[in-house]
Amino acid sequence: MSIVGGSVQAEAKLPVPLGPESWEPEGEPDPLIRHDQGLIGAPVSRLDGALKVTGAARFAADVQMEGMVYASLAFSTIAKGRLATLDTSAAEGAPGVVLVMTHRNAPRMKAAPLFLTSGKAAAGDDRPVMQDDRVHWNGQPIALVLAGTQEQADDARSLIRATYEIEEATTAFEKAKSHARPGSFGGDLRNEVGDAEAALAAALYRVDLTYLTPYQNHNAIEPHAATLAWDGDELIVHDCTQGVTHMAWSLADIFGLEEEQVHVTAPFVGGAFGSKTLWQHHVLAAAASRLARRPVRIALSREGVYRVVGGRTATEQRVAIGAQADGHFHSLIHTGTVAMTRHNNVPEPFILPARRLYAADSVKLDVQVADLDMLANTFMRAPGEAVGSFALECAIDELSERIGIDPIELRIRNEPDKDPTSGRPFSSRHLVEALRLGAERFGWDNRDPRPGARREGEWLIGMGCASATYPYQRFPGGAARITLSKDGHATVEIAAHEMGMGTATVQTQVTAERLGLPLDQVTLAYGNSSYPGVVLAGGSQQTASIGGAVLAAHRELVSELLKLAGSDSPLAGLEPNEVGGTDGGLCKLDEPERRESYASILARAQRDEVSVEASAPPPVETTEWSMHSFGAQFCEVRVNAFTGETRVSRFLGSFDCGRILNAKLAASQFRGGIIMGLGLALMEETQFDERKGRVMNPSLAEYHIPVHMDVPEIDLIWTDIPDPHAPMGAHGIGEIGITGVGAAVANAIYNATGTRVRELPITLDKLLAAWA
Ligand code: MOS
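Owing to the predicted nature of the structure, the values given are computational and were not obtained by experimental measurement. (Residues numbered from 1 in each chain as written. Predicted model: local features only at pLDDT ≥ 70, side-chain atom pairs only at ≥ 80, totals over all residues. Heavy atoms only, no water.)

Draft legend 1. Structural view of the overall build of the protein. On a plain count of helices and strands, the protein comes out with 19 helices and 33 strands. A globule of 772 residues ought to have a C-alpha radius of gyration of about 28 Å, and the protein, at 27 Å, matches this closely. Considered along the principal axes of its C-alpha atoms, the protein spans approximately 85 × 75 × 50 Å. Burial status across the protein gives 63% buried among its 772 residues. Counting only contacts in the protein whose residues sit at least 6 apart along the sequence, the fraction spanning at least 24 positions is 81%. For the protein, the computed accessible surface area is about 27,300 Å², with 50% contributed by carbon and sulfur atoms. One way to put it: in the protein the 69 positive side-chain charges average out to a point 4 Å from where the 97 negative ones average out. (Helix = DSSP H or I, 4+ residues; strand = E, 2+ residues; numbered from the N terminus. Rg over C-alpha atoms; globule rule 2.2 N^0.38 Å. Buried < 20%, exposed > 50% of the residue type's maximum accessible area, 1.4 Å probe, protein only. Contact = heavy atoms within 4.5 Å. Areas by Shrake-Rupley, 256 points an atom, 1.4 Å probe, with all protein chains shown as cover. Lys, Arg positive; Asp, Glu negative; His and termini not counted. Charge placed at Lys NZ, Arg CZ, Asp CG, Glu CD.)

Below is the structure:
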């Protein structure tokens, strides 16, 4: 293939066999996992890149509507109680104001359907939205103003005055912990194999440690926004969301409509990381739009995002490992407590890495939940794995020093031959290769295992590593429509999402490869709830979900084309599994001269187009095999011996995520995850005032995320070994990048300084306190 001026022309001359194609139990791998095709794996630049850098891409808050008004939200300043008075008179009289909505005039609405409670439920919190005078968290919307401009709306909102009857709230984690309950995340968060406590007590070497991770918030470049309008009983929503179908179904449920009466589009999403589901601002904007009979734009300020959209919750984790002299684990214990509310269902499942990473004779895993009066927390990039791998992979490092075994070697000695808790075979696991290849490339041999041994002037230098893991998932509901027109152009319609990760580009490559078309003859149409499929851009599952749906639709398409080809075609009499897509048509796999172009088939059949729709098979592969992405993270830090300032000087991510579908965009995904992991390690922390339950740093000035100066060159390698049980052989790569990074940094800081910090973020004050 060649890339000329951003336009990619693939030389996809080899026929891609259509079948047998099943990657599922008893079936054959998807033929697209093969390496010898032109487009799969190619470093194609983003097809939507030019639109984005020229500002032509229209995001949710760029959409203009006739007669549109702007929304601004007033937030509560107490954590629990009721509104005693709510004076909106000044706001109502302010310039440009069209409507002030409070619980007194808001329409009656059903509670939002909580995520995971049904297939298309989208809400992060199921508490009523402005239906009464109750306050449930500090920052809850208590009024919404609509006005002619954003400035008028914000100004009027500032004139609203509330007083409260305050009730005693639980806002301190320590206090809530005394009433902890078992956590559940689509199933139990407990595992018990053997007697892990007894095995720990009897072990020759052991660690038994506590790690803390703070509240965190997502900070997508694009703050949450929606532009929406009612057309009679139809609701039109331009949103930034990870689930257009979920949004349409859920808004319909809240407003008592049919799903088809809500139309959600999201052609571009400026980052999401788990946060762009359904929150109160959507419901309030739609309700206000109905009351005012005007289109509404609601664009949350950065502070607004912190008040209305949940983040990652705090955790306190115990990791205890008992080992014998050769490093073999007798006992692996990972338990602890997280802060949460009774109104959501994301108990930060930090035990997930321990479920699968290591073979241990006995295992005990458990997540307890402490209920607080706060905004519901939610999914944040690799929920569970991001912070769970910090604790687990630091503990491995601490144990390795105690036994005197290199930490990479210790990991390899405990490599399981099957999933240690489910007993299922791994579909594809090459973590040891990732560790070895990474160690070699990073120069791990140059690491001095003695802490504090390497110093250059004021700077202490150290290296650390950690394993990374995140599951392969494919949620039920994938479906796609392919339309092939007589000029040989294919359009795939699927209710999927492009949030900056490259989905539109990668899936265009995949479709072009399946059909044997050049890239510019394929259009991927996505981000619209009217398209087929329930395809969440979450859980790193979208690639597999789209892949499974397009694979199924392609099979339908080829059957249809062979029927249309009829008896006069060179393809006459052939079965779908005898042909493949190549050069803009179909050919017999073992007799490539028997071919006919798509255009010719449609012309002879006197058809302008052929269109098929198909559903992906149910995700049975994940019940047959233990399916995960893996990786190894390597970090070098320089820590200032006087100030405690930590600088990450080198970083390498070595991944094993099945077949990589686009080398350039995959590298960006890995790099983005690692950068977010550097933030988790060194700076990210939501300052939650435990007395008032209020977030005190809701801005990028006070909530620190990495900037360019904080990020070194990030080196990336991957095994590129296809998983025969996944569509295209590919695993998700969106979330694994952040996993393991916190531990790799912490382990490097320990190697540099001899100081072990078990509480994130590792800020210089914690190092200085240890040195004092
Ligand atoms: Mo991700 S936290 O599933 O968007």
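This is not the end of the story, as more comes after the structure.
Draft legend 2. Examining the packing of helix α10 (residues 385-403) against helix α18 (residues 741-753) more closely. Between α10 and α18, whose axes approach to 8 Å, the crossing angle comes to 35°. Helix-helix and strand crossings are classified by hand; for α10 and α18 the assignment is right-handed. Contacts between α10 and α18 involve S389, F390, E393, C394, D397 and E401 on the former and, on the latter, G742, A743, A746, N747 and Y750. In terms of residue class, the contact of α10 with α18 is made up of five nonpolar, three polar and three charged. (Axes fitted to C-alpha atoms, helices over the stretch in contact; angles between N-to-C directions. Left-handed = near helix turned anticlockwise from the far one by under 90°. Nonpolar A, V, L, I, M, F, W, Y, C, P; charged D, E, K, R; others polar.)

Draft legend 3. Region of the structure containing the pairing of strand β18 (residues 329-340). Counting buried positions along β18 gives eleven out of twelve residues, so the element sits mostly inside the fold. Where strand β17 (residues 315-323) lies against β18, nine bridges are found, and the strand directions are antiparallel. What sits directly across from A323, in β18, is F329. Where β17 folds back onto β18 in an antiparallel hairpin, the turn is made up of five residues, including G327, whose phi is positive at roughly 95°. As paired elements, β18 and strand β19 (residues 360-371) share eleven bridges and run parallel to each other. Bridge pairing links I333 to K364 in β19. (Pairing = 2+ DSSP bridges.)

Draft legend 4. Highlighting the packing of helix α17 (residues 663-682) against α18. Between α17 and α18, the shortest axis-to-axis distance is 8 Å and the interhelical angle comes to 55°. By the angle between their axes, α17 is oblique relative to α18. In this structure, α17 crosses over α18, and the sense of that crossing is right-handed. Each of I674, G677, L678, L680, A681 and L682 in α17 lies in contact with α18, whose residues at this interface are V741, G742, V745 and I749. Across the contact of α17 with α18, the residue classes break down as eight nonpolar, two polar and no charged. (Parallel < 35°, antiparallel > 145°, perpendicular 65-115°, else oblique.)

Draft legend 5. Main features of the side chain of S569. Positionally, S569 belongs in the loop between α14 (542-565) and β25 (579-582). Judged by its relative accessible area of 6%, S569 falls in the buried class. A distance of 2.9 Å separates a polar atom in the side chain of S569 from the backbone nitrogen of L571. (Polar contact = N/O pair within 3.5 Å; in protein donor to acceptor, adjacent residues only side chain to side chain.)

Draft legend 6. Region of interest: the nonpolar core. With 104 residues, the main nonpolar core has I321, F329, F634, V637, F651, F670 and V745 as its most contacted residues. With ten residues, α10 is the largest single contributor of residues to this core. Excluding residues within four positions of it along the chain, V745 makes contact with C635, V637, F651, L678, A681 and L682. Listed in part, the 59 residues of the second largest apolar core include M109, M247, L278 and V283. (Core = buried A, V, L, I, M, F, W, Y, C linked by side-chain atoms within 4.5 Å.)

Draft legend 7. Local environment of α14. Taking 1.5 Å of rise per residue, 24 residues should cover 34 Å, and α14 covers 34 Å from first to last C-alpha, within 8% of that figure. By the criterion of burial, α14 is predominantly enclosed, with 18 of the 24 residues buried. (Expected span 1.5 Å × (residues − 1).)

Draft legend 8. Fine view of the sheet that holds strand β14 (residues 234-239). Strand order in this open sheet of seven strands is β6-β8-β4-β16-β13-β14-β15, and the pairing throughout is mixed. The sheet is open, and its two edges are formed by β6 (97-101) and β15 (262-265), each paired on a single side. Adjacent strand axes in the sheet meet at a mean angle of 20°, parallel and antiparallel pairs treated alike. Examined bridge by bridge, strand β13 (residues 225-231) and strand β16 (residues 296-299) share four bridges and lie antiparallel to one another. In the strand pairing of β16, A225 is matched with A299. Where helix α3 (residues 150-157) meets the sheet, its contacts fall on β4 (69-75), β6 and β8 (141-147), and the angle it forms with β4 comes to roughly 25°. In the packing of helix α7 (residues 280-292) onto the sheet, the strands contacted are β4, β6, β8, β13, β14 and β16, and the crossing angle to β13 comes to about 35°.

Draft legend 9. Region of interest: the environment of D520. For D520, the position within the fold is in the loop between α13 (503-515) and β24 (522-525). In sequence terms D520 and V558 are 38 residues apart; their C-alpha atoms lie 20 Å from each other.

Draft legend 10. Highlighting the pattern of salt bridges. For the structure on display, the rule yields 46 salt bridges. Where E621 meets R474, a salt bridge forms, and the shortest distance between an N and an O atom there is 2.7 Å. Note that E621 is positioned in helix α16 (residues 621-624) and R474 in the loop between β21 (459-471) and β22 (479-485), a separation of 147 residues in sequence. When its relative accessible area of 4% is taken as the criterion, R474 is described as buried. (Salt bridge = Lys/Arg side-chain N within 4 Å of Asp/Glu carboxyl O.)

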